[in-house]
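Summary of the model geometry
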Amino acid sequence: KILFSSTSVGSVFPAVFQGYLFISVLVNSNSDLIRLINNAIKNDLSSRNPTFMNLALHCIANVGSREMAEAFAADVPRILVAGDTMDSVKQSAALCLLRLNRTSPDLIPMGEWTSRVVHLLNDQHLGVVTAATSLIITLAQKNPDDFKTSVSLAVARLSRIVTSASTDLQDYTYYFVAAPWLSVKLLRLLQCYPPPEDAAIRGRLTECLETILNKAQEPPKSKKVQHSNAKNAVLFEAISLIIHHDSEPTLLVRACNQLGQFLQHRETNLRYLALESMCTLASSEFSHEAVKTHIETVINALKTERDVSVRQRAVDLLYAMCDRSNAKQIVAEMLSYLETADYSIREEIVLKVAILAEKYAVEYTWYVDTILNLIRIAGDYVSEEVWYRVIQIVINRDDVQGYAAKTVFEALQAPACHENLVKVGGYILGEFGNLIAGDPRSSPLIQFNLLHSKFHLCSVPTRALLLSAYVKFINLFPEVKGTIQEVLRSDSQLRNADVELQQRAVEYLRLSCIASTDILATVLEEMPPFPERESSILAKLKKKKGSGTVSDVEDTRKERNTNVNGRPDPYPPAHDCQTVTSSPSSDLLGLGNSSAVNSGSPPAASNAASLLVDVFSESLPVAPLALSAFRFVCKNNGVLYENQLLQIGLKSEFRQNLGRMYVFYGNKTSTQFLNFSASVVCHEPLNLNVHTKTADPVVDGGAQLQQILNIECLSDFVEAPVLNINFRYGGSVQNIAVRLPVTLNKFFQPTEMMSQDFFQRWKQLSDPQQEVQKIFKAKHSMDTEITKAKIIGFGTALLDGVDPNPSNFVGAGVIHTKTIQVGCLLRLEPNTQAQMYRLTLRTSRGSVSQRLCDLLSEQF
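Keep in mind the model is a prediction, meaning the values are calculated, not measured.

1. Looking at the sheet that holds strand β12 (residues 732–739)
Ordered by their spatial adjacency, three strands build an open sheet running β8-β11-β12, and the pairing between neighbours is antiparallel. The open sheet has two edge strands with one neighbour each: β8 (674–681) and β12. For this sheet, the mean angle separating the axes of adjacent strands, direction not counted, is 10°. Bridge count for strand β11 (residues 722–729) against β12 is eight bridges, and the pairing is antiparallel. When the sheet's bridge partners are listed, Ile 725 is paired in β12 with Ile 736.

So this is what it looks like as structure tokens:
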């Protein structure tokens, strides 16, 4: 009645305000009054009175019902892009449309207004720009192609904010920080897209990011906490963009150094955020070494930090920065911390220590010592997956079996042993106790008595395992047969005994009595080596962390992709592997893996979110989009594509003309993907046979799906295969097509050559069609170590001391296809003064020379 009865503007406003306030607070979205209210709102939207229009738009956003979305889905966008709409109304319209898009995205039509809304980034009113940026971020995550033009406008606006002292920023300067709200939103918008392809735009963006990093080094202009909050909010968002692009080595190293300064900051929130960001930086090939320089600071934080969430991030960072050069130090520090660690994170630390010990073990003796020490320190938190894995490795390695038997025998002599140690001891001594039986101190009878002294203190499953070890002793050591038979006879006759134990005792006793020596030796022979399988420890860690999607953490260093057996790591890292679990009821080491669904997120810092409270009016999820396939020319792992719904990660390996690619599809939402299908299309003249394992048609919310592509290169090619993904989400069909990073250089085999052989072959490839040369401007920093890493990652051998000019880089390799092998020689000549390169390639096939030149030059 209040809303619809007044007539004159002077008396109307208070009444209308009260009416809208009543509707926003007290009217339910399902109320019968909604239709009547909608009519009144339509009148106010068409009144051209800015006050009434703002109130109407606020009411639509506050109620946010589906009925309102249906009624005003066309009106709000029209108001937003109309040329005569006032600035305050544009702000309200942008935020109202954002609200409707979140509550009823299927009702918001994508029309000609979508291209016009992008130009609001050029609006003179920064309030309009801020509201429009929030809207564009959400729209771009769902329809990236429609908003590609926003990248150049966002970079231009960001440049005006961070590199100039514009007078239009006076009203939007917050404690000496120019427009922090808008800066953060623009940086988040840029994370929805790959690095700009236009060199001028990329250069301008790089300049903006460098300026933000430089300002972070300047003395604070105010001692107020609001100043540091706003300044650091912009800085961390800039670092997130640098990490997302992962294309500028200089910026990545600078970001790492800046974060390193925060590791010892007095503010807990900054220490937490710095550790969290450095975990991602540790996975970049450009910044991994820079992150490692802070290892002592991180270890000190692990020992002295009061906040448990910060200590947990320190553990994560140590895990991320670990490689062969520092594995022993990091594992030792984690074991030391484990003795006093909070109970809530002990299991996670145990899993990480087990993974690192296996992945980077150089000597198997160190690996065995580490796992036994792990069981001693935190036996209650050592899952079955951990002790299963150590037994797998001991059985598969003849050279460590004697040491493992001796070590576990000594460990069992402690008065109090954890039950997991008894399990490991029973299994290893039952299989390899004969290797130490020659020592009088570990004779067969002493081994048996030692194990049996633990028997009555263990649970039923462990007792069952020990009985199996006893019957193995009968085969290995006939001299203790009578003693063991007495024990089996006693257990088989016990009343109220566990049925499983009693049955085993009866059957083992009967077997030992009636079977001949040959039959006994055949039945109880040593376990054969286990086939290489995916480690379930890694899956256990991922399940513990609760990650449902593929993380952007990626590992491209070859030495970090080998396991304890010196072979390529058979399972992806924790951040990009399929979630697998092992049923505790499965047979020992018969780890039948199955997909598991898990969702959630890591625990946050106790009050990390409060850092941005004074700065942000709202917080939107960030979902970067498809990354250029050129980023994978010199590496095999990473995030290929990402939007608000789906993340696609890759892990691949190539050998001669064959390759295998693991594709991981992560559902980032809480809703199922229906009719999910992923197929690969190879266009002519691409000659590749791609064999795909059919994906499941349903992907649950927060779940991850793995697909394996087996690749065979039949001949040289140019065009990469296309991965087509189709699924239904929320009533709409989603179609995504991305190019797989299968490029010709993936089939390189490096070739080592002496200087004389290189130049002799170089002269033989003298036909003009066999040589391709390209002179080009350097896009990135001309760093020697990075250049070497890229040439090695390209697939060729890097030949030192071959070129007379030590500044030049020379490489050699052979492209393997099914029909032909193509030899390749390359020479890269940098001119640091002119910031130019000259790249020369000679191959026995002209088309291959051109393709390889195009691929490699793009990396520089």
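2. Description of the nonpolar core
Counting 190 residues, the largest nonpolar core has Ile 41 and Leu 374 as its most contacted members. In contact with Ile 41, not counting residues within four places along its chain, are Tyr 20, Ala 56, Cys 59, Ile 60, Met 68 and Phe 72. Core analysis: the next-biggest nonpolar cluster, separate from the first, contains 56 residues, Leu 640, Phe 673, Val 848 and Phe 860 among them.

3. Focus on the pairing of strand β5 (residues 637–642)
Judged by how many residues are buried, β5 sits mostly within the fold: six of six residues are covered. Inspection of the sheet shows β5 paired to strand β6 (residues 646–655) by five bridges, in the antiparallel sense. Bridge assignment links Tyr 641 to a residue of β6, and that residue is Ile 648.

4. Let's talk about the pattern of salt bridges
If you walk through the whole model with that rule in mind, you get 33 salt bridges. A salt bridge links Lys 292 to Glu 289; its shortest N-O distance comes to 3.4 Å. On the criterion of helical spacing, the pair formed by Lys 292 and Glu 289 is a turn pair, its members being three residues apart in helix α16 (residues 288–292). A residue is classified by how much of its surface remains accessible, and Glu 289, at 49% relative accessible area, is partly exposed. For the salt bridge of Glu 719 with Arg 739, the shortest nitrogen-to-oxygen distance reads 2.7 Å. Of this pair, Glu 719 sits in the loop between β10 (704–713) and β11 while Arg 739 sits in strand β12; the two residues are 20 residues apart in sequence, bridging distant segments of the chain. With relative accessibility at 25%, the residue Glu 719 sits in the partly exposed group. Among the charged side chains, a network of salt bridges with common partners joins Arg 313, Asp 316, Glu 348 and Lys 352.

5. Structural notes on helix α33 (residues 846–858)
Between its first and last C-alpha atoms α33 spans 19 Å; for 13 residues at 1.5 Å apiece the expected length is 18 Å, and the two agree. Those residues of α33 lying buried are Val 848, Ser 849, Arg 851, Leu 852, Cys 853, Leu 855, Leu 856 and Ser 857. Taken together, the buried residues of α33 touch β13 (748–750), β14 (771–777), α32 (784–794), β16 (809–816), β17 (821–831) and β18 (836–843).

Cut-off values and rules
Residues numbered from 1 in each chain as written. Predicted model: local features only at pLDDT ≥ 70, side-chain atom pairs only at ≥ 80, totals over all residues. Heavy atoms only, no water. Pairing = 2+ DSSP bridges. Helix = DSSP H or I, 4+ residues; strand = E, 2+ residues; numbered from the N terminus. Axes fitted to C-alpha atoms, helices over the stretch in contact; angles between N-to-C directions. Core = buried A, V, L, I, M, F, W, Y, C linked by side-chain atoms within 4.5 Å. Buried < 20%, exposed > 50% of the residue type's maximum accessible area, 1.4 Å probe, protein only. Contact = heavy atoms within 4.5 Å. Salt bridge = Lys/Arg side-chain N within 4 Å of Asp/Glu carboxyl O. Expected span 1.5 Å × (residues − 1).

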